[in-house]
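Fold and contact review
The residues making up each chain are set out below.
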Amino acid sequence: MGNRLELQTELESFTKPAYFQPPSNVKMTYPCIIYSKRSKLPLRADNIVYKNTTAYQVTIVEKDPDSTIGDRIVEHFQYASIESTFIIDNLYHTIINLYF
């Protein structure tokens, strides 16, 4: 598992731009990826934390209802799953839980 900048680079290989916790005044272009930190997942053994993995919520926003960006991201990352999909203002959103 890597740091956030490595994750940024990997996400941008699927589509650009990728925004990390963007403020509300950012003008976004579509398709895009929006991601933010959620929590840490501590892995324990013998009452000791030996690894902390960061959880991210990744949202893909796009105009194409048949896009495969979300599916390709889930296939690429070992610890990723699609949580939900929905439509707002004719934009298709796919929410992915990702541990990186």
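Residues numbered from 1 in each chain as written. Predicted model: local features only at pLDDT ≥ 70, side-chain atom pairs only at ≥ 80, totals over all residues. Heavy atoms only, no water.

1. Remarks on the pairing of strand β5 (residues 91–99)
Taken residue by residue, a regular strand's side chains alternate between the two faces of the sheet. When strand β3 (residues 48–62) meets β5, the two strands line up antiparallel, connected through 8 bridges. Pairing of Tyr56 across the sheet is with Leu98, part of β5. Bridge analysis of strand β4 (residues 80–88) against β5 gives 8 bridges, and the strand direction is antiparallel. When the bridges of β5 are listed, Phe86 appears paired with His93. (Pairing = 2+ DSSP bridges. Helix = DSSP H or I, 4+ residues; strand = E, 2+ residues; numbered from the N terminus.)

2. As for the environment of Ile69
Within the secondary structure, Ile69 is located in helix α2 (residues 69–76). The buried category is assigned to Ile69, whose relative accessible area is 6%. Taking the C-alpha atoms as reference points, Ile69 and Thr94, 25 residues apart in sequence, are found 9.1 Å from one another. Beyond its immediate sequence surroundings of up to four residues, Ile69 is in contact with Phe14, Thr15, Pro31, Ile60 and Glu62. (Buried < 20%, exposed > 50% of the residue type's maximum accessible area, 1.4 Å probe, protein only. Contact = heavy atoms within 4.5 Å.)

3. Some details on the packing of aromatic side chains
Aromatic rings in a pair are described by how distant their centres are and how their planes are angled relative to each other. Across all of its chains, the model carries 4 aromatic pairs by this definition. Measuring from centroid to centroid gives 5.1 Å for Phe20 and Tyr35, while their planes differ by 50°, and the two rings are tilted. Taken as a pair, Phe20 in strand β1 (residues 18–20) and Tyr35 in strand β2 (residues 32–45) lie far apart in primary sequence, 15 residues in all. Among the aromatic residues, those joined into a ring-pair cluster are Phe14, Phe77 and Phe100. (Phe/Tyr/Trp six-rings, centres within 6.5 Å; stacked < 30°, edge-to-face > 60°.)

4. Focus on the environment of Asp66
Within the secondary structure, Asp66 is located in the loop between β3 and α2. Accessibility expressed as a relative area gives 65% for Asp66, which makes it exposed. In the structure, Asp66 is positioned 26 residues away from Tyr92 in sequence and 9.4 Å away in space, judged by C-alpha atoms.

5. Comments concerning the side chain of Thr59
Following the sequence through the fold, Thr59 ends up in strand β3. When its relative accessible area of 12% is taken as the criterion, Thr59 is described as buried. Those residues in contact with Thr59 that sit more than four places away from it in its chain are Cys32, Ile33, Ile34, His93, Thr94 and Ile95.

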